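Here is how the chains run, residue by residue.
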Amino acid sequence: MQRVRKLSKTLLHALKGSFFQKGRMEAAQEAPEKPLLGFVDHIGCEHVHGWVMDPDAPGRRINVEVFLPETGESFGIGTADQFHHGISGIGDGSRRYGFWLQVKRALTQNEQKNVQVREVGGRGVPFSPHIGSWHPLLHVAMDIVDNCNLRCPFCLYDYRNVRKTNLMSRETLEAALRLLPYTRDGEFWFSCLHEPSLHPDLLAFLDAIPESMRKKVFFTSNIARRQSEAYFQGLAQSGIDHINISLESRRPEIYERMRKGARFPIFMENWDKLITAFHEANSAVALRYVIMAYKSNFQELPALTQYLVDERRAAQVEIRHTYDVPFIAPAFREQEFLTEEDWDWLHANLPTLEPGKLLLDRPPVDAPSVEGGESQNEVLPSSDVGFLPGQYLARLTWDGTLELKGISRASVGSSMIEVPILTKNIKEIDDIEGFFRSLHEVDVSRLSSGSLAI
Ligand SMILES: C[S@@+](CC[C@H](N)C(=O)[O-])C[C@H]1O[C@@H](n2cnc3c(N)ncnc32)[C@H](O)[C@@H]1O
Ligand code: SF4
């Protein structure tokens, strides 16, 4: 599972200066000004949104205008002062450089191709490389089962009373896959809280994803359940974005203590089959590794990280602290959780890899406990201030239950406040596009106890 915490790809492009523009506009003033930092994320027929900041004056909030260069017609002016999820670490750190402009009249398709956005009377706002697609879903965190083969002592899901495994049906999957166009690459999860390899149709489910959408998908697995060569060959050829593999140690005893219920020799057998299949297929599916750091394994992690990169095709290694949940046994917490000094030691001893390849996810200072989910963002039961349009988080369970959350307008900086919007079965939504369009028109005062009929 990945949390929404990385810099957006669009932002990285912006920082590298490699962004695409429909036609850069010249600054109106003669004095050389730095280009604005930001992106127009999307131009719809009724709205235009994105974010923008003046690198010379990060405290200022820019007034932006949507206009048609050929005629000079203005379609609306607004202030770029709203929270935008994808821009942590920019400017004053508030992440409040977003804009969402409702245009004065519906734009024709041709106008959508030709309108531009500028600071009122000034510099242009560049276009995102993803400008052609509308991605209102920051992620879809789906599970195709509701159980796991293991019972890890740190697991953030409480399996104590779980006895049976429910499987997503093909019909539910197909209904869920209609959300694919609305997510970005690598943001449609085939697993969130549970173990996807428990589903006997996992490969067939991956095959059901349209080829052009495969890069949107990833899943996380413990690969501890014995699988055939054909299974791993299927994964190698699946064309999805990446697979996260979870492990804590190459020492059998530590591995089996952390991955309770797993057998190290079976894990190794699977892992070897996977690596062979990926080599043979010259697979483009990236392998990422997720390692939980504890007293038992942290001193092994510098060498393990290097091994994963050198021998096990690691495109990324993520070393994580435990997102603390109340049902983790106190004894495990006391014996295994690392101190600040241990994290400092790890930080100092991990190998230096190319940027982005190694993520050390240390516990935040005074981290609050969270329940039943991996996100450490605050979740409010309802909101007086409403949620931002066009930025939603979707959770989908095996039976198609869709829980949609928005981002509160009160969000600022690192505190992204999630607001429940509705719970509804995905199979009951006939018109997905219309469903998203209707969301930003929702009267937030009707929000109550997280459910809403749309
Ligand atoms: C919940 S698991 C589900 C997928 C699969 N069962 C697995 O473990 O790979 C998703 C990821 O979350 C990690 N994880 C489990 N419990 C965690 C916790 N309390 N804090 C942070 N990550 C955790 C797992 O190690 C795994 O990499
Ligand atoms: S394998 Fe994953 S889902 Fe299963 S118990 Fe361990 S962390 Fe939890």
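Residues numbered from 1 in each chain as written. Chains lettered and ligands numbered in written order. Predicted model: local features only at pLDDT ≥ 70, side-chain atom pairs only at ≥ 80, totals over all residues. Heavy atoms only, no water.

1. Comments concerning the packing of helix 5 (residues 229–236) against helix 7 (residues 264–280)
- Direction vectors running N to C along helix 5 and helix 7 enclose 45°, while the axes themselves pass 8 Å from each other. By the angle between their axes, helix 5 is oblique relative to helix 7. In the packing of helix 5 onto helix 7, the handedness of the crossing is right-handed. Every residue of helix 7 that contacts helix 5 at Glu229, Phe232, Gln233, Leu235 and Ala236 is listed here: Asn270, Lys273, Leu274, Ala277 and Phe278.
- Here the contact of helix 5 with helix 7 is built from residues that sort into six nonpolar, two polar and two charged. (Axes fitted to C-alpha atoms, helices over the stretch in contact; angles between N-to-C directions. Helix = DSSP H or I, 4+ residues; strand = E, 2+ residues; numbered from the N terminus. Parallel < 35°, antiparallel > 145°, perpendicular 65-115°, else oblique. Left-handed = near helix turned anticlockwise from the far one by under 90°. Contact = heavy atoms within 4.5 Å. Nonpolar A, V, L, I, M, F, W, Y, C, P; charged D, E, K, R; others polar.)

2. Thoughts on the site of ligand 1
- Taken together, 18 residues form the shell around ligand 1, and within it Phe154, Ser246, Arg259, Arg320 and Tyr323 come nearest.
- Between ligand 1 and phenylalanine 154, the relevant distance is 2.8 Å, taken from a nitrogen atom to a main-chain nitrogen or oxygen of the residue.
- Within the contact set of ligand 1, a nitrogen atom lies 2.9 Å away from a side-chain nitrogen or oxygen of arginine 320.
- Considered on its own, ligand 1 offers 530 Å² of accessible surface; in the complex 98% of this is hidden by protein.
- Put simply, ligand 1 lies in the largest cavity. (Near = heavy atom within 4 Å. Polar contact = N/O pair within 3.5 Å; in protein donor to acceptor, adjacent residues only side chain to side chain. Areas by Shrake-Rupley, 256 points an atom, 1.4 Å probe, with all protein chains shown as cover. 1 Å grid on protein atoms, 1.4 Å probe; cavity = no way out; pocket = protein on both sides within 12 Å on 5 of 7 lines; lining within 4 Å. Sits in = over half its atoms within 2 Å of the grid points.)

3. Notes on the packing of aromatic side chains
- Applying the stated criterion across every chain yields a total of 22 aromatic pairs.
- Between tyrosine 255 and phenylalanine 267, the aromatic rings sit 4.7 Å apart at their centres with planes inclined by 25°, giving stacked as the arrangement. With tyrosine 255 in helix 6 (residues 252–258) and phenylalanine 267 in helix 7, this residue pair connects regions lying twelve residues apart in the sequence.
- Assessed through its relative accessible area of 0%, phenylalanine 267 is described here as buried.
- Pairing phenylalanine 267 with tryptophan 271 gives two aromatic rings, centres 5.2 Å apart and planes at 40°, and the pair type is tilted. Remark: tryptophan 271 and phenylalanine 267 occur in helix 7; sequence separation between them is four residues, near one turn of the helix.
- The ring centre of tryptophan 271 lies 4.4 Å from the NZ or CZ of arginine 312, which sits over that ring. (Phe/Tyr/Trp six-rings, centres within 6.5 Å; stacked < 30°, edge-to-face > 60°. Buried < 20%, exposed > 50% of the residue type's maximum accessible area, 1.4 Å probe, protein only. Lys NZ or Arg CZ within 6 Å of the ring centre and 35° of its normal.)

4. Focus: helix 11 (residues 432–439)
- Among all positions in helix 11, only Ile432, Phe435, Phe436 and Leu439 are buried. All buried residues of helix 11 fall inside an arc of 95° around its axis, so they share one side.
- On its buried face, helix 11 sits against strand 8 (137–142), strand 15 (387–396), strand 16 (401–408) and strand 17 (418–425).
- Sitting at the head of helix 11, aspartate 431 places a side-chain oxygen 3.3 Å from the backbone nitrogen of glutamate 433. (Arc of directions from axis to C-beta.)

5. As for the pattern of salt bridges
- Summed over the entire model, instances satisfying the criterion amount to 26 salt bridges.
- Note that aspartate 54 and arginine 60 form a salt bridge whose closest N and O atoms lie 3.1 Å from each other.
- Beyond isolated ion pairs, a larger network of salt bridges with shared partners links Asp54, Arg60, Glu119 and Arg123. (Salt bridge = Lys/Arg side-chain N within 4 Å of Asp/Glu carboxyl O.)

6. Observations regarding the pairing of strand 4 (residues 74–79)
- Bridge count between strand 3 (residues 63–67) and strand 4: five bridges; the pairing is antiparallel. Bridge pairing in strand 4 links asparagine 63 to threonine 79.
- Once strand 3 ends, the chain turns through six residues before running back antiparallel as strand 4, passing glycine 72 with a positive phi of about 80°. (Pairing = 2+ DSSP bridges.)

7. So, empty space enclosed by the protein
- Under the defined criterion, the tally for this structure stands at two cavities of 30 Å³ or more.
- Forming the walls of the largest cavity are 25 residues, and the residues nearest its centre are Phe154, Cys155, Leu193, Ser246 and Arg259.
- When contributions to the lining of the largest cavity are tallied by element, the ones reaching two or more residues are strand 10 (217–221) and strand 12 (286–292).
- Residues belonging to the lining of the largest cavity are distributed by class as follows: 13 nonpolar, eight polar and four charged.
- In this structure, the second largest cavity spans a volume of roughly 220 Å³. (Points joined across faces, edges and corners; volume = space filled by probe spheres on them.)

8. Looking at the site of ligand 2
- Taken together, the neighbourhood of ligand 2 is formed by Cys148, Leu150, Arg151, Cys152, Phe154, Cys155, Tyr159, Leu193, Asn222 and Arg259.
- Applying the majority rule of atoms within 2 Å of the grid points places ligand 2 in the largest cavity.
- Looking at the shell around ligand 2 residue by residue, the class counts come to seven nonpolar, one polar and two charged.

9. Re the confidence of the model for the protein chain
- Mean pLDDT over the protein chain: 88, with 86% of residues reaching 70 or higher.
- Scored below 50 in pLDDT, residues 443–454 makes 25 contacts in the model with residues more than four places away or belonging to other chains. (pLDDT = per-residue confidence, 0-100.)

10. Structural notes on the sheet that holds strand 3
- Here we have three strands laid out as an open sheet, ordered 4-3-7, and antiparallel in their pairing. At either end of the open sheet lies a strand with only one pairing partner, and these are strand 4 and strand 7 (116–119). Sheet twist, expressed as the mean angle between neighbouring strand axes with direction ignored, is 20°.

11. Considering the sheet that holds strand 2 (residues 47–53)
- The sheet built from four strands is open, its strands ordered 1-2-6-5 with antiparallel pairing. Pairing within the sheet leaves two strands with one partner each, and these edge strands are strand 1 (37–43) and strand 5 (82–83).

12. Let's talk about the side chain of histidine 135
- Within the secondary structure layout, histidine 135 lies in the loop between strand 7 and strand 8.
- Looking at histidine 135, its side chain comes within polar contact range of the main-chain oxygen of threonine 183, at 3.4 Å.
- For histidine 135, the contacting residues outside a window of four places in its chain are His130, Pro181, Tyr182, Thr183, Arg184, Lys216 and Gly390.

13. Observations regarding the nonpolar core
- Within the largest apolar cluster, 95 residues are counted, with the highest numbers of intra-cluster contacts made by Met142, Leu179, Phe190, Trp271 and Phe436.
- Look past the residues within four positions of methionine 142 in its chain and what remains in contact with it is Met168, Leu173, Ala176, Phe188, Trp189, Phe190, Ser191, Cys192, Arg395 and Leu396.
- Counting 20 residues, the second largest nonpolar core, distinct from the first, contains Val52, Ile62, Val117 and Phe127. (Core = buried A, V, L, I, M, F, W, Y, C linked by side-chain atoms within 4.5 Å.)

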